Each structure stands twice: as C-alpha cells, then as structure tokens.
Amino acid sequence: MNDPRITPPQATDFDVAIVGAGFAGLYMLHRLREAGFTARVYEAGDGVGGTWYWNRYPGARCDIESVDYSYSFSPELEQDWQWSERYPRQPEILAYLNHVADRFDLRRDIELQTRVTAAHFDEQAGLWRVETDRGQHVTARYCVMATGCLSLPKQPDFPGVERFAGDCYLTAAWPRQDVDLTGKRVGVIGTGSTAIQVIPQVARQAAHLTVFQRTANFSVPARNGPLPAAEQQRIKADYRARRDISRDSLFGVPVPMPAAPRRTRDIPPAELRQTLETLWAQGGAMSLLAAAPDVIADPEANAIVAEFVREKIRATVKDPKVAELLCPSTHPLGTKRLCLDTEYYETYNRDNVTLVDLRATPIERITEHGLRTSDAEYPLDVLIFATGFDAMTGALNGIDIRGRGGLALKQAWAQGPQTYLGLASTGFPNMFLITGPQSPSVFSNMVVSIEQHVEWIADCMAYLRQQGIACIEASAPAQAGWVAHVADVANGTLLPQTDSWYVGANVPGKPRVFTPYLGGVGPYRQQCQQVAAKGYEGFELG
Ligand code: FAD
C-alpha cells in the first residue's frame, strides 16, 4: 500500500467533479454547495434525470411508491410536490427531477451533452484530472461517480440485427417523439422488469405482438391507481416517521424491520396463505420480500411463496400452455429482480399476443423482415429490445479511471468490483461512488440509498476540510474485509446461485460476482455511520 499522503493541495478548477445528473448527481451538487464546496456536474444526456431521462418507453414506471421514491432532504419540496399516482410514470419522475434542478438552481453547474471519458488521479498534485468528449480538461480535488447502476444498456447483438428493414428500438434509449405502433407487427425481445412494463402497452396498440421469452420472471401486481389528494395529505402529515422507517428498513421502503421475524415454515399454512393473499391484493414487490425475509434465504420458504405466485399466474392466463410457459421455473423467487406489473399476465389472454419460448426454440437470426427461431419465422415491422443493462460496473468501466501509479479501475476490478462500503476503492484516493457495487444499491429503494451516500460523502468531505486532510483512501485490509462480508451475507441467501444481472451473468465475460449488499438498508446505514464516527475507520487519511 502506498503512502496515502500527498503533497500539499494545489488549486483546482473545482473542489468536486461529479459525473452524472440523475437522482444522485443532482442531490450531490446541491448538498456540496450547501456545505460550501464548488462542484461541476458532467452529464452525457442533453437533460437531467438519468434513468428517467433515458427510459421513455411506453409503460415506463417506478416500482416503488411515489411518496417513497422521492427526495426527503427538503421538507418544503416533499410537501409541495404532488404525485398523481401511487406508482409514478416516467414523465412525472422526469418532471419532478427537472423541478428539483430549477428549484435549487442546479443547472448553472451542470454541463449537459458532456461525457466524461477519463479521470486520472495526479499523485504529485493530489488532484483528479478529468477529461470530457468535448475536449475539456478540468481538475478537481474529489471525483464523485454518480454514473448509475443501470445506465449502460446492453446493445442487441443478435446475428443479422443490422439487416432488419423495420424499425428497431432499445427501451433504454427510446426516442422522444411518439412511436406509433398502430397496425404494426411488433416483436419484444426480453421479459425482465422493463419488458413486463412495455408489453401490456404495446399489445394495446399493435396489430400483433410477439413476445420472445428466454426466462419467465416472477411479477407481482402493482395495484397502481390515482393517489387521491386526501391520501397524499395523510401521508405527508406524518412524512418524517415514514421516511425514518424506510431508512431503517431492509429495502428502503416503509415496512419496518421485523423485530423477531418468524420463519415462513413456522407460520401456520392458513395464516401464511392469508398474509400472501393480503400482500398480493395490496400490490408491491418490495413489500412481498420485506414481509417474508427468509424467502430469499430458505429454499423451502421460497418454494411456498413461488408456488403461490405460480398459482396466481395459472389463475390469470386462460391458455394453460401459455400459463405454464409464464410460470418461472429456472430460479427461486426474488433471486432475479422481482417485477411489478399492471396487467402483464392478463395481456396473454388477448388474441393479438403470442408468446414464443426461446429456451425450446432459440433465436437463430434476425432477418430483413422479421425473426427466425429454430422452428419458425416471425414476420415483424418493429423490434423492441428490452435486453437489460451492463449493471453496476458498466458505466464506471466506460470511463478510463486511473488511480495511484496509473492503476486502471478496470484492472483493479478485473476479478469483480472491490470496494469499501461500496463508497470507495483502494488505489483511488478522493474518489467516491454513489450506490457503488457492494452497497445496497439496486436491492433497495434507490432514492433512499442515494440520499444516504450523498450525505455521507458530503459530511466526509466537510470533515476532511475541517481537519486539513488532503487525501482519503480506502485501506486494503478494510476493503478486503468488506468484500468478504458482502460475499458472506450474499452466500447466506439463494441469490448468488441464480444467473442474473446481480452476478453479471447477462454480460458475456463479466466476472461472476454478486454485487449488491444484502445486509439491509438500515444495518448498512449504521455501519457507515460508525465508520464516520470513528474518524473514518478503515480509510487512510493523509
Ligand atoms: P442514473 O439515473 O442512472 O443517472 C446516471 C447518469 O450518469 C445518466 O444520466 C448517465 O447519462 C450519466 N453518465 C454515466 N456515465 C457518464 C459519463 N461517463 N459521463 C457523463 N455522464 C455519464 N430504482 C428504484 O429504486 N425503483 C424503481 O422502481 C426503479 N425503476 C427503474 C426502472 C428502470 C427502467 C431503470 C433503468 C432503473 C430503475 N431504477 C429503479 C433504478 C434507477 O436507476 C435509480 O432508482 C435511480 O434513478 C438512479 O439514479 P442515479 O443518479 O444513481 O443514476
């Protein structure tokens, strides 16, 4: 381990360079300004909003309730903003984030249409040198990566895709103008969270929709609907308490941590059935997981709840063969992202929808006029790819990040991400990650996790400034301990066994490592607080 001390700080263009202007980058900028730091945000898109700027596909919607999937840092903001639905649609979340950018006067420090291509730590000067695709070279004492966990979509690589004569759309880069699918024969490839949102919408418009499914996923009904003003008022009257419960919870939603959770197998069957029926009727994927936490750890508990969901699928889908294809059989419930839907399974009762099982009949190629599987040709006018993301590390690896001695982050993480608390990585002083790998991140209501990281990072920088410390770096032993702890917690569950994007299995060549921290949002927050309270224990300060 190198001596973390660096030469006295030189003047920099900004105290902090922030990459990304989604929920994380916007709040980071605001918080740093409040703490008296100068900061600049670089955003590749031509608007703020991150996920909610890029993902404009029909049906794009959050699967956490609007009143919870929102910033809590400003009591005035949370009281003023009125949500129209229980689960907000993409345009509403994007409008909210634009409102936040205006309300807190953030835009003057945000450079849009500017992609950060490189960030190199200059050891001599003790600063980060940041380069953009517009030829800018800026220096900053700190670099904060607010680049998003799900911001680098996987590009479709099916053979023949370039020969397709119809229109192709990637859900994560959906055009701004309306896409009219009326009268079209549309194919959707993928049946993950996004596809489950897009499929019911497309089915309503298209002449015919063919869904190409490789893996059936578990989905829970959202029970979405308008959020009446009185109900919103009631929630907002006691907002602090609700937010506190979320912060201390397992997944960042207002379901308290069970004090003495009963094992699912110890609950009398009739009572368990009643609980599951109630949760199903209420809707909400996170609530289902939070109410029965052993579901992700105990195969027996998982089998009970999984079979309950399969029963619901069979009861909804009229054609028994189609229902069986839609019943997940390849993985335990919750070990791939549990989806939330509005009339997903019902959509397969429509005459204009066909489900194709790609496990039985894989895609051979995309042709000029459609898609050929091993047993049939499907003529199509439009292809929609809902094929997921290079999650957790994709956007970071898209930047040439170099730390001490020119060490490339890609190299340091060649066997999988290595972080301390998901916030920092050894060899990369003064660089922070928001919702980085090995933090609760995608296994939580991400706004809660983002706020916690932003506040921890800003407090850390203020502490360093106050103490006259120029450099902070995760120590190698602390990092090794954290990585081992994250793996231990994950290995106590069923999740690492499933091929999912949580383990990078959807990206060929990616090291298979389970990346989110499963210890729960509340316990994780406490650990971060303890580290700070002990003078940033596990970090080397110099
Ligand atoms: P993002 O919103 O991803 O923003 C990152 C930004 O960084 C992007 O705008 C990107 O353009 C920019 N960027 C990346 N690299 C560079 C670079 N090199 N230079 C410049 N800019 C760069 N989370 C939930 O909790 N609940 C949900 O229901 C939910 N639904 C989702 C639905 C979809 C379709 C997707 C894709 C994600 C969903 N998420 C959900 C996760 C969601 O990403 C987070 O909730 C949250 O929006 C993340 O905010 P962020 O600022 O961390 O990252």
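Preceding this section is the structure that the text describes.
Residues numbered from 1 in each chain as written. Predicted model: local features only at pLDDT ≥ 70, side-chain atom pairs only at ≥ 80, totals over all residues. Heavy atoms only, no water.

1. As for the packing of helix H1 (residues 23–34) against helix H15 (residues 446–467)
Condition: Axes, fitted as lines to C-alpha atoms, cover a helix only where it is in contact. Angles between the N-to-C directions of the axes lie from 0 to 180 degrees. Only runs of H or I of at least four residues qualify as helices and only runs of E of at least two qualify as strands under DSSP, and these elements are numbered from the N terminus. Crossing handedness follows the turn of the near helix against the far one: under a right angle anticlockwise gives a left-handed crossing, and clockwise gives a right-handed one. Two residues qualify as a contact provided that any one of their heavy atoms is within 4.5 Å of a heavy atom in the partner residue. Think of it as three bins: nonpolar holds Ala, Val, Leu, Ile, Met, Phe, Trp, Tyr, Cys and Pro, charged holds Asp, Glu, Lys and Arg, and polar takes everything else, Gly as well.
As a packed pair, H1 and H15 sit with axes 9 Å apart at the nearest point and diverge in direction by 35 degrees. H1 and H15 meet at a crossing whose hand is right-handed. Together, Phe-23, Ala-24, Tyr-27, Met-28, Arg-31 and Leu-32 of H1 and Val-447, Ile-450, Glu-451, Val-454, Glu-455, Ile-457, Ala-458, Asp-459 and Met-461 of H15 make up the contact between the two elements. Per-class residue counts for the contact of H1 with H15 are 11 nonpolar, no polar and four charged.

2. A closer look at the layout of surface pockets
Definition in use: A cavity, in this analysis, means grid points on a 1 Å lattice covering only the protein atoms where a 1.4 Å probe fits yet has no way out; a pocket is instead an open set bounded by protein on both sides within 12 Å along at least five of seven lines, and a residue lines either one if it has an atom within 4 Å of a point. Grid points are joined across faces, edges and corners, and a volume is the space filled by probe spheres set on the points.
Its volume calculated, the second largest pocket comes out at about 380 Å³. Considering the residues around the second largest pocket, the lining is formed by 19 residues, among which Arg-56, Tyr-57, Pro-58, Arg-89 and Asp-178 are closest to the centre. Looking at the lining of the second largest pocket, the elements that each hand over two or more residues are helix H4 (90–103) and helix H5 (193–205). The element contributing the most residues to the lining of the second largest pocket is H5, with three residues. Along the lines of polarity and charge, the residues of the lining of the second largest pocket split into nine nonpolar, five polar and five charged.

3. Structural notes on the nonpolar core
Our working definition: In this description, a nonpolar core means a group of buried Ala, Val, Leu, Ile, Met, Phe, Trp, Tyr and Cys residues linked to one another through side-chain atoms lying within 4.5 Å. Think of it in three bands: with a 1.4 Å probe and only protein chains considered, a residue is buried below 20% of the maximum accessible area for its type, exposed above 50%, and partly exposed in between.
In terms of nonpolar packing, the biggest core is built from 135 residues, with Ile-18, Phe-23, Tyr-71, Tyr-348, Trp-456 and Phe-539 touching the most fellow members. Counting residues per element, this core draws most heavily on H15, which supplies 10 residues. Residue contacts for Tyr-71: discarding those within four places in its chain leaves Gly-22, Phe-23, Leu-26, Tyr-27, Leu-77, Glu-78, Tyr-96, Leu-97, Val-100, Arg-243, Val-447 and Glu-451. Ala-17, Ala-119, Trp-128 and Met-145 belong to the second largest nonpolar core, which has 21 residues in total.

4. A look at the site of the ligand
Put simply, the rule reads: Here, proximity means that at least one heavy atom of the residue falls within 4 Å of the molecule or strand. Definition of a polar contact: a pair of N or O atoms within 3.5 Å, with one able to donate and the other able to accept a hydrogen when the atoms are protein atoms, and with sequence-neighbouring residues admitted only if both atoms are side-chain atoms.
By nearness alone, 34 residues border the ligand, and Glu-43, Thr-51, Asp-63, Tyr-69 and Met-446 come closest of all. With respect to the ligand, the backbone of Val-116 contributes an N or O atom lying 2.8 Å from a nitrogen atom. Note that an oxygen atom of the ligand is positioned 2.8 Å from one of the backbone N or O atoms of Met-446. For the shell around the ligand, the elements supplying multiple residues, two or more each, are H1, helix H2 (51–54) and H15. Considering each element in turn, the shell around the ligand owes the most residues, three residues, to H2. Broken down by class, the residue content of the shell around the ligand amounts to 18 nonpolar, 12 polar and four charged.

5. Remarks on the pattern of salt bridges
For clarity, the threshold we go by: Here a salt bridge means any side-chain nitrogen of Lys or Arg lying within 4 Å of a carboxyl oxygen belonging to Asp or Glu.
The full count for this structure, using the stated rule, is 38 salt bridges. For Glu-78, the salt bridge is made with Arg-243, and the minimal N-O distance between the two is 3.0 Å. Of this pair, Glu-78 sits in helix H3 (residues 75–80) while Arg-243 sits in helix H7 (residues 239–247); the two residues are 165 residues apart in sequence, bridging distant segments of the chain. Take Glu-78: its relative accessible area is 5%, and that puts it in the buried class. The class of Arg-243 is buried, set by a relative accessible area of 5%.

6. Focus: the sheet that holds strand S14 (residues 370–373)
The condition is simple: One requirement defines pairing of two strands: DSSP has to find at least two bridges between them.
Strand order in the open sheet formed by three strands is S13-S14-S15, and the pairing between neighbours is antiparallel. In this open sheet, the two strands that pair with only one neighbour each are strand S13 (363–367) and strand S15 (377–379). Strand-to-strand twist in this sheet, taken as the mean axis angle between neighbours without regard to direction, amounts to 15 degrees.

7. As for H1
Basically, it comes down to this: Expected span of a helix, by definition, is 1.5 Å for each gap between consecutive residues, and there is one gap fewer than residues.
With 12 residues, H1 should reach 16 Å at 1.5 Å per residue; the first-to-last C-alpha distance of 17 Å fits that figure. Of all 12 residues that make up H1, nine are buried, and the element is covered over most of its length. Residues Phe-23, Ala-24, Gly-25, Leu-26, Tyr-27, Met-28, Leu-29, His-30 and Leu-32 constitute the buried set of H1. Directly after H1, the chain includes Gly-36, whose backbone phi takes a positive value near 90 degrees.

8. Re the pairing of strand S8 (residues 185–189)
Along S8, four of the five residues are buried, which leaves the element largely enclosed by surrounding structure. Bridge count between S8 and strand S9 (residues 208–213): five bridges; the pairing is parallel. Residue Val-186 lies in a different strand from S9, and its bridge partner there is Leu-209. Judged from the four bridges that link them, S8 and strand S16 (residues 382–385) form a sheet pairing that is parallel. In the sheet register, Val-188 faces S16, and the bridge partner there is Ile-384.

9. As for the sheet that holds S8
The strand order across the open sheet built from five strands is S7-S16-S8-S9-S12, with neighbouring strands paired in parallel fashion. A strand with exactly one partner marks an edge of an open sheet, and here the two such strands are strand S7 (167–170) and strand S12 (353–357). If you compare each strand with its neighbour and ignore which way they point, the axes differ by 20 degrees on average.

10. Describing unusual backbone geometry
Phi is positive for Asp-105, which is not a glycine, with a value near 50 degrees. Along the chain, the position of Asp-105 falls in the loop between H4 and strand S3 (110–111). On the accessibility criterion, Asp-105 (39% relative accessible area) is partly exposed. Residues other than glycine seldom take positive phi values, yet Met-392 does so here, at roughly 70 degrees. Within the fold, Met-392 resides in the loop between S16 and helix H13 (394–397).

11. Digging into the side chain of Ser-444
Position of Ser-444 relative to the elements: it lies in the loop between strand S18 (431–433) and H15. Ignoring anything within four residues of it in the chain, the contact list for Ser-444 reads Phe-251, Met-286, Ser-449 and Val-521.

12. Re empty space enclosed by the protein
Throughout the structure, instances matching the rule amount to five cavities of 30 Å³ or more. Within this model, the largest cavity holds a volume of roughly 120 Å³. Lining the largest cavity are Asp-63, Phe-251, Ala-285, Met-286, Leu-289, Gly-334, Lys-336, Arg-337, Leu-338, Val-442, Phe-443 and Tyr-502. Along the lines of polarity and charge, the residues of the lining of the largest cavity split into eight nonpolar, one polar and three charged. Taken as a whole, the second largest cavity spans an internal volume of roughly 90 Å³. Lining the second largest cavity are Asp-68, Ser-70, Ser-72, Arg-243, Ser-246, Arg-247, Val-448, Glu-451, Gln-452, Glu-455 and Arg-525. Mapped by element, the contributors of at least two residues to the lining of the second largest cavity are H7 and H15. Of all the elements, H15 adds the most residues to the lining of the second largest cavity, at four residues.

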